[in-house]
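# Notes for the structure review
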Amino acid sequence: AAEEAEKLKLNAIDGEALKILEENDLEGFGIGLVGRKKITFVSERRREGKMNVPLDGVEGWSVDEVEKWMDENGMGEEGKMMKREGVDGIVFVQLQAKDLSELGMKDFRRRREVMGKIDEWRNQFKKNKEEEKTSKSETAPR
């Protein structure tokens, strides 16, 4: 994090500029994948005015929790790799197929398998969130 902060400082990027930066802008500053994902996440929260809102669910996972989920879902080696690279919940929820290659997963077929499992999880997580909202609205006093 200190290295990324220094690179932002060298490029005169302040809090206001962070609100409009995109991930590919950060890559041009020489910031690695994990740093880009975290900075992009913070930028989005700033734009949405949610800097003081606690992280929800997986976004709050530590690198150990990401590794554990990966291991429990048959992706132990990839989980170890993500832990080495510092992938926590904030980064995990933003992962795309191209990111897996940058993290060191060279085998195309395995990247597709891993991304498929992550996408399955995302779809289930989204479905659960929608059901939770529906359930709350049905039980809310009128």
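Residues numbered from 1 in each chain as written. Predicted model: local features only at pLDDT ≥ 70, side-chain atom pairs only at ≥ 80, totals over all residues. Heavy atoms only, no water.

Before going further, it helps to examine the confidence of the model for the protein chain. Mean pLDDT over the protein chain works out to 80, with 81% of the residues at or above the 70 mark. In the model of the protein chain, helix H2 (residues 15–18) stands out as the element of lowest mean pLDDT, 67, in contrast to helix H5 (residues 63–72), which has the highest, 93. (pLDDT = per-residue confidence, 0-100. Helix = DSSP H or I, 4+ residues; strand = E, 2+ residues; numbered from the N terminus.)

Side chains three or four residues apart in an α-helix point the same way, a direct result of the helix having 3.6 residues per turn. Every buried residue of H5 is listed here: Val 66, Glu 67, Trp 69 and Met 70. For H5, the angular spread of the buried residues around the axis is 160 degrees, confining them to a single face. Residues Lys 68, Asp 71 and Glu 72 are exposed on H5 and point more than 90 degrees away from its buried face. Immediately downstream of H5, the backbone of Gly 74 shows phi near 80 degrees, a positive value. (Buried < 20%, exposed > 50% of the residue type's maximum accessible area, 1.4 Å probe, protein only. Arc of directions from axis to C-beta.)

Let us look at the side chain of Asp 88. You can see Asp 88 is positioned in the loop between helix H6 (76–85) and helix H7 (89–92). A distance of 3.0 Å separates a polar atom in the side chain of Asp 88 from a polar atom in the side chain of Lys 38. If sequence neighbours within four positions are ignored, Asp 88 has contacts with Lys 38, Trp 61, Ser 62, Val 63 and Val 66. (Polar contact = N/O pair within 3.5 Å; in protein donor to acceptor, adjacent residues only side chain to side chain. Contact = heavy atoms within 4.5 Å.)

The next subject is helix H4 (residues 33–47). Between its first and last C-alpha, H4 extends 21 Å over 15 residues, near the 21 Å set by a 1.5 Å rise per residue. Taken residue by residue, H4 has Leu 33, Val 34, Gly 35, Arg 36, Lys 37, Ile 39, Thr 40, Phe 41, Ser 43 and Arg 45 as its buried positions. Gly 49 sits one or two positions beyond H4 and adopts a positive phi of about 70 degrees. (Expected span 1.5 Å × (residues − 1).)

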